[in-house]
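Descriptive structure summary
Chain residues, written in single-letter form:
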Amino acid sequence: MKILITGASGFVGKNLVAELKNRGYEDLFLFTRENTLENLKQFTKECEFVFHLAGINRPENEEEFMEGNFRFTSKLLEFLKMHNNKSPVLITSSIQAEKNTSYGESKKLAEEVIFNFSKETGGEVYVYRLPNLFGKWSKPNYNSVVATYCYNIARNLDIKVNDPEAELTLCYIDDVLEEFVGALQGSPTKLNNSYCTIQKTYPIKLDELVDHIESFKESRTTLSIPNMEDDFTKKLYSTYLSFLPKDQFSYDLKMNVDNRGSFTEFLRTSDRGQVSVNVSKPGITKGNHWHHTKNEKFLVVSGEGLIRFREIHSADIIEYQVSGEKLQVVDIPVGYSHSIVNIGDSDLVTVMWVNECFNPKNPDTSYLEV
């Protein structure tokens, strides 16, 4: 299928082009500001589906709204009619089309001209009044407040919150893409009023949005992982990471180092414990303690070790020899004193998961040699 995409270099366009290529669509006519109307005329002669994403939302003067939103849409449809091309046309409008502003009026007129095109030609049209979008490749101070907040907070820049109680309706770019591909394949989500819609949206107040994003920044210090079971939090966190400065993808962890090796916390969660990395020098034994409720999983990823267990009321010792050559998880049950000793010639590196984050006021750790 030959697919025309106007606004192909914009936020939605870049994401759509990448996803269409992922799905095997290769015959794409990409129309950007670098192209001419002659290019558009040729594209509209050959295309079999149109994603009309081009538009103006932050012009230098308000007249550009009409030029970029209404008149350009009219020109696109004029070319299609010239070629008697009845390709389906999907257009991105805005919830602002319901408002009496220059931008809203230009979007509303673009909607009307495309609905009229459908009546005249019998061609399918899909009009999406999109809410505030967020996701990777959006532009700060241009596409959405989410992009601006993510960009600024990641760089310790000030952010402006005019009305903390103001509520936004947000929509994630991947959910938009899923709907658009559905429309391309003939299955758009249509409302009773002839408009199409993205089914997944997220209402949120501005102050809550700021709190979310600031918590993502703080997570490098607290080591806390956001709640990825919450769909919105997962998508917002992914968006935030895409705005990190390119020289700040990495961050240091606090290593607790002594002559035995080191112990470093890596991740913490509120409900699923924490992950740490333990390094032991050759001949060193660590552990020799037991827990009432706390349980762990040990995974040796480098070196050779011996994990030893003893139920605290028994003299019988259980041993597991472990190695980075064969990745094997060993569960550490409650009520068993346990230790791990480096029996190799190099550092023993063990990834350790524990079902609860360490609480110095209630460590649930009692010393007892195996």
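Look up a bit, the structure's there.
Since we're looking at a predicted model, the values are computed, not measured.

**Re empty space enclosed by the protein**
- Going through the model one piece at a time under the given rule, you end up with 1 cavity of 30 Å³ or more.
- Lining the largest cavity are His52, Ala54, Asn69, Thr73, Ile91, Thr92, Lys107 and Ala110.
- Going through the elements one at a time, helix 3 (63-82), strand 4 (89-94) and helix 4 (102-121) are the ones with two or more residues in the lining of the largest cavity.
- Taken together, the residues of the lining of the largest cavity sort by class into 3 nonpolar, 4 polar and 1 charged.

**Examining a negative patch on the surface**
- Residues Glu167, Glu208, Asp211, Glu214 and Glu218 make up a contiguous surface patch of negative charge.
- Tallying contributions element by element places helix 7 (residues 206-222) first for the negative patch, with 4 residues.
- Relative to the helices and strands, Asp211 resides in helix 7.

**Regarding the sheet that holds strand 4**
- Taken in spatial order, the 5 strands make up an open sheet running 2-1-3-4-5, and their pairing is parallel. In the strand order of this sheet, the two ends are held by strand 2 (28-31) and strand 5 (125-130), each with one partner. On average, each strand axis in the sheet is tilted by 15° relative to the strand beside it, whichever way the strands run.
- Contacting strand 4 and strand 5, helix 4 runs over the sheet at an angle of about 155° to strand 4.

**What about the pairing of strand 12 (residues 285-290)?**
- Looking at chain direction, strand 12 and strand 17 (residues 336-342) are connected through 4 bridges and run antiparallel. Paired with Thr285 across the strands is Val341, a residue of strand 17.

**Focus: helix 2 (residues 37-46)**
- When helix 2 is considered as a whole, its buried residues turn out to be Leu40, Phe43 and Thr44. The arc enclosing the buried residues of helix 2, seen along the axis, measures out at 95°, which places them on a common side. Residues of helix 2 that are exposed and angled more than 90 degrees away from the buried face: Glu38 and Lys45.
- In the core, the buried residues of helix 2 are packed alongside strand 1 (3-6), strand 2 and helix 3.

The rules behind each value
Residues numbered from 1 in each chain as written. Predicted model: local features only at pLDDT ≥ 70, side-chain atom pairs only at ≥ 80, totals over all residues. Heavy atoms only, no water. 1 Å grid on protein atoms, 1.4 Å probe; cavity = no way out; pocket = protein on both sides within 12 Å on 5 of 7 lines; lining within 4 Å. Points joined across faces, edges and corners; volume = space filled by probe spheres on them. Helix = DSSP H or I, 4+ residues; strand = E, 2+ residues; numbered from the N terminus. Nonpolar A, V, L, I, M, F, W, Y, C, P; charged D, E, K, R; others polar. Patch = residues over 30% accessible without salt bridge, like charges linked within 9 Å, V, L, I, M, F, W, Y side chains within 5 Å. Areas by Shrake-Rupley, 256 points an atom, 1.4 Å probe, with all protein chains shown as cover. Salt bridge = Lys/Arg side-chain N within 4 Å of Asp/Glu carboxyl O. Lys, Arg positive; Asp, Glu negative; His and termini not counted. Charge placed at Lys NZ, Arg CZ, Asp CG, Glu CD. Pairing = 2+ DSSP bridges. Axes fitted to C-alpha atoms, helices over the stretch in contact; angles between N-to-C directions. Contact = heavy atoms within 4.5 Å. Buried < 20%, exposed > 50% of the residue type's maximum accessible area, 1.4 Å probe, protein only. Arc of directions from axis to C-beta.

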